[in-house]
Amino acid sequence: MSKLSLRDSVLVLTLIPTVLIGLVLGGYFTINRYVELEQILKQQGTSLANTLAMTVEQPLAERDKARLHRVITTTHNQHGNFVNSIALFNEDNQLLLTSNYHNDFDQLHYRGNVTELHATEIVQYLDRYIIFAPVKLQQQPAADWQNAHTRTTAVLMIELSKDQAIIGQQQALLFSGAIIMVALLLSAFVSTRLSRMFSTPLSHLLLATDKLLEGKTKIGVDQPMQGEFDLLREGLITISEKMVLQRDEMQKHIDQATCDYRETLEQYETQNIQLNIAKKEAQVANRVKSDFLAKMSHELRTPLNGVIGFTRQLYKTPLNKHQKDYLDTIELSANSLLTIISDILDFSKLEAGAMELESIQFQLRDAVNEVMTLLAPSAYEKQLELSIAINRQVPDNLVGDPTRFKQVLINLISNAIKFTEKGSVKVDISHRLKGDSQTSLLISVSDTGLGIAQEKQDTLFTPFAQADSSITRKFGGTGLGLIITKHIVEAMSGRITLNSAPGNGSCFTFNAIFNLPSRLFDDDLPTKPLENKRVLYFEPQEHTRNAVQAQLEDWAMQVTCCKNEEAFFEALEQEFKYDICVIGNMATVDDMQTVKAYIAQAREMADYLYLMVNTISHNMRESLIGSGADACISKPMHHRKLCDMLAAPYRLDHPSVSIDDTDLAHLPLKVLIADDNDANLKLLYTLLEEQVDTIDTAHNGAQAVSLCKSQKYDLIFMDIQMPIMDGITACRMIKESSLNDDTPIIAVTAHALTGEKEQLIKDGFNGYMTKPIDEDMLRQIICDYSPSLPPEKQKAQQPQVASIAPFESHLLDWELALQRAGNKPELALEMLDMLLQSVPETLGQLNESAQQEDTQTLLTVIHKFHGACCYTGVPTLKNLAETLETALKQSRDFDYIEPELLELIDELQHLERDSQAVSGPTLTH
């Protein structure tokens, strides 16, 4: 909407208030006049009715009708301008006399009881007012003297016409309208004159302004003006004069600037020629530099490969501990330098434009398996779940550069493993066909690691950039991996993206275009024998489970998939027997007993039982095979190895999937055991005696520290809670001041919470081992931490020795006791005897601590008793002790643990009675 001009604004601002005020005042006075005329009419009618009622009282009492008629007629004639008719009705509401009888006269009767009318009433009928006035006889008899009202003998009716009032109202309305119109005309005249006073000088000033804009110096406002307009006129004249001066000054500057610009342009032309020469020289120098780096990086790899190769050869010669440490440092440094040189070589090729992609036919799944096999040990060291899922629709035969494709995968997956402390690293591969000759692979590498802040993500794909660029950064590297990866992906006609947030991990996604070959490789996988085989598959990790299940179903196998123990045990309760059972597990030292329990449960319900574990440890896999598994392979899923393993029993030419049994030789090791519990010390000594040459024992931490100051050990097993000095203090002192500052120290504890295990590593322990300890777990610990080479083969599983329990008790599981004692009846009996000898003392300590509600003392007693229960085949007592120890470590109050404590005391008393009923106070052996 356009703005109003000054003239229009003056008119609007003048007329609108005038109209509003006129309308308000005219309306107000007109309404008042309207109401006033009606009130006057009513007052006149009422006054006339009351006067006439008193006048007709006497003639009515004398029944003088002629006189009544004369009075009414005379009154009507005198007030005919507003009276239509006058009538008189008797007390029965019958007409006695009227001055004017008309058509609507029958509607003018009084509607009420005449005798009850004591005051004048006004009723509006159509456009008339009807006034009813009572006529009373003042000559009252004595009997009516006490009444408040004289009896009404007749009703006088006067019909008033509103015509005169309406005419007066109309006159008032016309008069108000006339006044308003006069005011409007007067206001319009004044506003018009006022607007002309402003508009005329303003038009001259606007015209002068337009001339100024056009650059004219004569603006034609020489005549004086009134008031402020004259000030504006003088201002415009001043502006005009200054514009003339500025125009002359500006022209001088323009001339000078033009001259300077011509000189500058000549200088720029000279500089551009020099810059072009310098640019060509820089490009030549850059190519020379890139060629030099590429050649030097290649030349440096040759001597480095020699250093690494001869270092590995030197490992095979007899070495002392210090020499081995030096070689470890040399190999680590050489490998790090080789990685840096390889990155610089690739980056130099990219800069020099010398990197060309090959175009050869390869198999996608084999290429991915090579990468996963190479990087799996790094993931296993951090106990990460490394898994790969390739959509079954993705073609396996492709044409492209497999070496560069694997380089991209290695960079992304190794970064994911490096920056992930716990959780998983997942690789997913899908595809989208691009016509009949090409396919676009979509690969995502996701982890549960540290994550990358948004402000640092954009710099990751630049040379020498890292998410943490500080000097003290935890993770090293050249910062070239991602930029090289980006260039390789772009060379494959793809694009790489990152989705990450701090604390939520990262997901790198890239796509690459590959050609489809005209001739396919023959798939030599032995999948035919696996068709319709019934498979029970147990895997807690969802991503691995889905990938393996999809692969098995692609081989036409009938898969029953279990994601937890409950589903696994429920599947084992089926009436039929499975052809194959596959169990997936992390297979850490702590999980070995659990895996063995799975093997024992599933062994009888499947013809063949296989394991997929997160380890490359030969000894651990042999240990699991010795527990009843037919074969064991490492994760992540390698489709060829998995197919060969599953199909081996069904092939006539199948290779053996087990390992030959050989005896295990003693290792030339010197081991120290520190434990205050005689039973634990005895069992650990017996198990180690079959595996190592020399064993020393200590009953507390102080003795262990004293021995470590005078003797050098290859391995130390340290209990945590001991008198005089606990295991944590002893470990710290051994590391700080003894001959065994670099000796691996293994924490041995009957029960440790999740947080306590990590804290033990922080306190200086190299590892931990939970009770009960069996031979396989102990052998794995020795192989992992021993400086000597582990034995080549695992000995065969020993047959179960038949032995009779020393006494009958619902608390004693003799088969479990034999298993915990390494299948040695004499040792099992000795361990049980030591436990029974400690029962009276334990009962006394438990009762005393319970009476005093001393939870600290109670924790010490329970921990020691828990350790003894681990090897003696008393699972009920062990579970009670474990429950109590967990609650006490969580600082539960005494009321919380009291039911389990009383149950433990009762069960100890039952065990003591059962043993004494057969063999007296203690067992004999």
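Residues numbered from 1 in each chain as written. Predicted model: local features only at pLDDT ≥ 70, side-chain atom pairs only at ≥ 80, totals over all residues. Heavy atoms only, no water.

**A short note on the overall build of the protein chain**
Piece 1. A tally of regular secondary structure across the protein chain gives 25 helices and 22 strands.
Piece 2. When contacts within the protein chain are restricted to residue pairs at least 6 apart in sequence, long-range pairs at least 24 apart make up 69% of them.
Piece 3. Surface exposure of the protein chain reaches about 49,800 Å², of which carbon and sulfur atoms provide 53%. (Helix = DSSP H or I, 4+ residues; strand = E, 2+ residues; numbered from the N terminus. Contact = heavy atoms within 4.5 Å. Areas by Shrake-Rupley, 256 points an atom, 1.4 Å probe, with all protein chains shown as cover.)

**What to know about the pattern of salt bridges**
Piece 1. Evaluation of the coordinates by the stated rule reveals 15 salt bridges.
Piece 2. Among the ionic pairs, K382 bridges to E421, the shortest N-O distance being 3.8 Å. Here E421 lies in the loop between α8 (402-418) and β9 (424-434) and K382 lies in the loop between α7 (364-381) and β7 (385-390), a separation of 39 residues in the sequence.
Piece 3. In this structure, E539 engages K635 in a salt bridge whose closest nitrogen and oxygen atoms are separated by 2.8 Å. Within this pair, whereas E539 is found in the loop between β13 (534-538) and α11 (542-554), its partner K635 is found in the loop between β17 (631-634) and α15 (639-647), the two being separated by 96 residues in sequence. For the residue pair E539 and K635, the accessibility class agrees, reading buried in each case.
Piece 4. Through salt bridges that share partners, E385, E539 and K635 make up one connected network. (Salt bridge = Lys/Arg side-chain N within 4 Å of Asp/Glu carboxyl O. Buried < 20%, exposed > 50% of the residue type's maximum accessible area, 1.4 Å probe, protein only.)

**Describing the UniProt feature "coiled-coil region" (unreviewed entry) in the protein chain**
Piece 1. What UniProt calls "coiled-coil region" (unreviewed entry) maps, in this numbering, to residues 247-285.
Piece 2. Across residues 247-285, helical content stands at 100% and strand content at 0%; the span's end C-alpha atoms are separated by 54 Å. (UniProt positions renumbered as here; feature names shortened; annotations may be inferred.)

**Description of unusual backbone geometry**
Piece 1. Here the amide bond leading from K635 into P636 is cis, since omega sits at -5 degrees, within 30 degrees of zero.
Piece 2. One can find P636 in the loop between β17 and α15.
Piece 3. Residue I724 is not a glycine yet carries a positive backbone phi of 70 degrees.
Piece 4. Structurally, I724 can be placed in the loop between β20 (715-719) and α18 (727-736).
Piece 5. Classification of I724 by relative accessible area gives exposed; the value is 74%.
Piece 6. One non-glycine residue, E853, lies in the positive phi region at around 55 degrees.
Piece 7. Structurally, E853 can be placed in the loop between α22 (825-852) and α23 (855-869).

**Re the nonpolar core**
Piece 1. Among the nonpolar cores identified, the biggest contains 62 residues, and L688, F717, M769, L778, L846 and L904 are the most heavily contacted of them.
Piece 2. For this core, the leading source of residues is α22, giving eleven residues.
Piece 3. For this core, the two domains that each supply at least three residues are domain 5 (667-789) and domain 6 (805-918).
Piece 4. Each residue touching L688, except ones within four places of it in the same chain, is listed here: V671, I673, I695, F717, L778 and I782.
Piece 5. Counting residues in hydrophobic clusters, the runner-up holds 42 residues, among them A379, V489, M492 and L498. (Core = buried A, V, L, I, M, F, W, Y, C linked by side-chain atoms within 4.5 Å. Domains from an automatic or database assignment.)

**As for the sheet that holds strand β4 (residues 128-136)**
Piece 1. Read from one edge to the other, the open sheet built from five strands follows the order β2-β1-β5-β4-β3, with strand pairing classed as antiparallel. Each edge of the open sheet carries a strand with a single partner, namely β2 (95-98) and β3 (121-125). Averaged over all adjacent pairs, the angle separating strand axes in this sheet is 20 degrees, with direction ignored.
Piece 2. Both β3 and β4 contribute to a ladder of five bridges, which runs antiparallel. By the bridge assignment for β4, Q124 is matched with Y129.
Piece 3. Along the sheet, helix α3 (residues 65-78) makes contact with β1 (83-90) and β2, crossing β1 at roughly 155 degrees. (Pairing = 2+ DSSP bridges. Axes fitted to C-alpha atoms, helices over the stretch in contact; angles between N-to-C directions.)

**Remarks on the sheet that holds strand β15 (residues 578-585)**
Piece 1. A sheet is described by the order of its strands in space; here five strands give the open sequence β14-β13-β15-β16-β17, paired in parallel fashion. Pairing within the sheet leaves two strands with one partner each, and these edge strands are β14 (558-562) and β17. Strand after strand, the sheet turns through a mean of 20 degrees between neighbouring axes, direction not considered.
Piece 2. Across seven bridges, the pairing between β15 and strand β16 (residues 606-613) is parallel. Looking at the pairing, G584 lines up with M612 of β16.
Piece 3. In this fold helix α12 (residues 565-572) packs onto β13, β14 and β15, with an angle of close to 155 degrees to the strand it touches most, β13.

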